[in-house]
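If you want the building blocks of each chain, they are given just below.
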Amino acid sequence: MKLATYKDGSRDGQLVVVSRDLSTAHYATGIAGKLQQALDDWNFIAPQLEDLYQTLNSGKARHAFPFDPKMCMAPLPRAYQWADGSAYINHVELVRAARNSEVPKTFYTDPLMYQGGSDDFIGPCDDVVCVDEAYGIDFEAEIAVITGDVPMRATPDEALEGIRLLMLANDVSLRHLIPDELAKGFGFFQSKPATAFSPVAITPDELGEAWQGGRVHLTLQSTWNGRKVGMCEAGPDMTFHFGQLIAHICKTRNVRAGSIVGSGTVSTRGVEENGKKEWPKGYSCIAEKRAIETILDGKPSTDFMKFGDTIRIEMKDKNGQSLFGAIDQQIVGWMG
């Protein structure tokens, strides 16, 4: 099924069920008013939401209305936890190669992860508000999952069973703030402003055969200022699948219902063509494009985002149908 949260002036919005083709929606009033409520009692509430979903898809829902992504908050407007991984080691390899730094061997056996702010997510069509262009504004196209309860010491296979929903993310980064923060040895903080998520979150079964081994085997599209810059394959080059990412958190603690775990920037490996390395699938963040330029030309030539820039992130099934709806945002300056 497909779920979204509509703006209603409150912090947590109203849960709605969305049709498979994203054309219509229906309030889940009477079943669960908020997504967190459904996550907290998933085994009881999810079947009722599924019944409404099937009724909506059959065109028999009496109070259905046209679905409008601009009315959406993040599916889970605020979460108990937002932990973002870096599951695509190709991305790390490129960034490190650009600064002549080797990737530590442990990166291939133990996932990278940081704890992001989860109190103030933004909707899929909300502006990305930044104080200064000089901060180095970058989009990051990712996949994320929302979990149920997963116990401490869960195995990767057990952790996969705890995945309730999937969605897309724009994990905005302020690249020029990152070096000084990492130099302090305590990780990201100000360099990671509010994250945006796709209009709808979907259950794994909606992906069909594309959901295999904790990976989504589909293309993630990134369109910057109307130009398609990324058509990255999300499945093959995902070094750590979502079960491994969740199990990494569970090494020392429980993961509770309503936790969000991100994949990190989706990245596809380059290929050799006529004796030259090429990246025909493009990129899911500007930092990776700049790393490729540095590797090939000795320096980057692509600037980071400016006020007025737009970014669209979307994933379609094999029939060309949008699965999650699109993250479609504009970069704007902070007006105080």
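Residues numbered from 1 in each chain as written. Predicted model: local features only at pLDDT ≥ 70, side-chain atom pairs only at ≥ 80, totals over all residues. Heavy atoms only, no water.

**A closer look at the pattern of salt bridges**
- Inspection of the entire model under this criterion finds 14 salt bridges.
- Of the charged contacts in the structure, one is a salt bridge between Lys289 and Glu293, with a shortest N-O distance of 3.9 Å. On the criterion of helical spacing, the pair formed by Lys289 and Glu293 is a turn pair, its members being four residues apart in helix H7 (residues 286–297).
- According to the relative accessible area criterion, Lys289 is partly exposed, its value standing at 26%.
- Several salt bridges share partner residues, and in doing so they unite Asp138, Glu140, Asp171, Arg175 and Lys192 into one network. (Salt bridge = Lys/Arg side-chain N within 4 Å of Asp/Glu carboxyl O. Helix = DSSP H or I, 4+ residues; strand = E, 2+ residues; numbered from the N terminus. Buried < 20%, exposed > 50% of the residue type's maximum accessible area, 1.4 Å probe, protein only.)

**Points about the packing of helix H3 (residues 89–98) against H7**
- Taken N-terminus to C-terminus, the directions of H3 and H7 make an angle of 50°; their axes are 8 Å apart at the nearest point. Here H3 is positioned oblique relative to H7, judged by the angle of their axes. Here H3 runs over H7; the crossing is left-handed. Contacts between H3 and H7 involve Asn90, His91, Leu94, Val95, Ala97 and Ala98 from the first element and Glu288, Ala291, Ile292, Thr294 and Ile295 from the second. (Axes fitted to C-alpha atoms, helices over the stretch in contact; angles between N-to-C directions. Parallel < 35°, antiparallel > 145°, perpendicular 65-115°, else oblique. Left-handed = near helix turned anticlockwise from the far one by under 90°. Contact = heavy atoms within 4.5 Å.)

**Some remarks on the sheet that holds strand S17 (residues 227–233)**
- Spatial ordering of the open sheet is given by S7-S22-S21-S16-S17, a layout of five strands whose pairing is mixed. The open sheet has two edge strands with one neighbour each: strand S7 (128–130) and S17. Taking the axes of each pair of neighbouring strands and ignoring which way they run, one obtains an average angle of 20° across the sheet.
- With three bridges joining them, S7 and strand S22 (residues 327–333) adopt parallel strand pairing. (Pairing = 2+ DSSP bridges.)

**Considering the pairing of strand S21 (residues 310–315)**
- As paired strands, strand S16 (residues 219–224) and S21 are joined by five bridges and run antiparallel to one another. Directly across from Thr223, in S21, lies its bridge partner Arg312.
- Examined bridge by bridge, S21 and S22 share four bridges and lie antiparallel to one another. Note that in S22 the partner of Ile313 across the bridge is Ile327.

**Details of the environment of Ala234**
- Of note, Ala234 is situated in the loop between S17 and helix H6 (242–249).
- In this structure the C-alpha to C-alpha distance between Ala234 and Thr203, which are 31 residues apart in sequence, comes to 17 Å.
- If we ignore the near neighbours within four places in the chain, the residues touching Ala234 are Tyr88, Ile143, Val216, Leu218, Val266 and Met315.

**Describing the nonpolar core**
- Formed by 63 residues in total, the largest nonpolar core has its most connected members in Phe67, Ile143, Leu207, Met315 and Phe324.
- Among all residues touching Phe67, those that are not within four sequence positions of it are Ala4, Tyr6, Val18, Leu22, Ser23, Thr24, Ala25, Cys72, Pro199 and Val200.
- With 32 residues, the next largest nonpolar core counts Met1, Ala46, Leu56 and Phe121 among its residues. (Core = buried A, V, L, I, M, F, W, Y, C linked by side-chain atoms within 4.5 Å.)

**Focus: the packing of aromatic side chains**
- Under the counting rule described, the total for this entry stands at nine aromatic pairs.
- One aromatic cluster is present, built from ring pairs that chain together Tyr6, Tyr27, Phe65 and Phe67.
- Here Lys192 stacks its cationic end above the ring of Phe188, 5.2 Å away from the centre of that ring. (Phe/Tyr/Trp six-rings, centres within 6.5 Å; stacked < 30°, edge-to-face > 60°. Lys NZ or Arg CZ within 6 Å of the ring centre and 35° of its normal.)

**Observations regarding the side chain of Lys2**
- In this structure, Lys2 sits in strand S1 (residues 2–6).
- The buried charged residue Lys2 lacks any salt bridge partner; its closest oppositely charged side chain belongs to Glu206, at an N-O distance of 4.7 Å.
- There is a polar contact of 3.0 Å between the side chain of Lys2 and the backbone oxygen of Arg20.
- A distance of 2.9 Å separates the side chain of Lys2 from the backbone oxygen of Leu323, its partner in a polar contact.
- Beyond its immediate sequence surroundings of up to four residues, Lys2 is in contact with Val16, Val17, Val18, Ser19, Arg20, Leu22, Tyr53, Ala201, Ile202, Glu206, Ser322 and Leu323. (Lys, Arg positive; Asp, Glu negative; His and termini not counted. Polar contact = N/O pair within 3.5 Å; in protein donor to acceptor, adjacent residues only side chain to side chain.)

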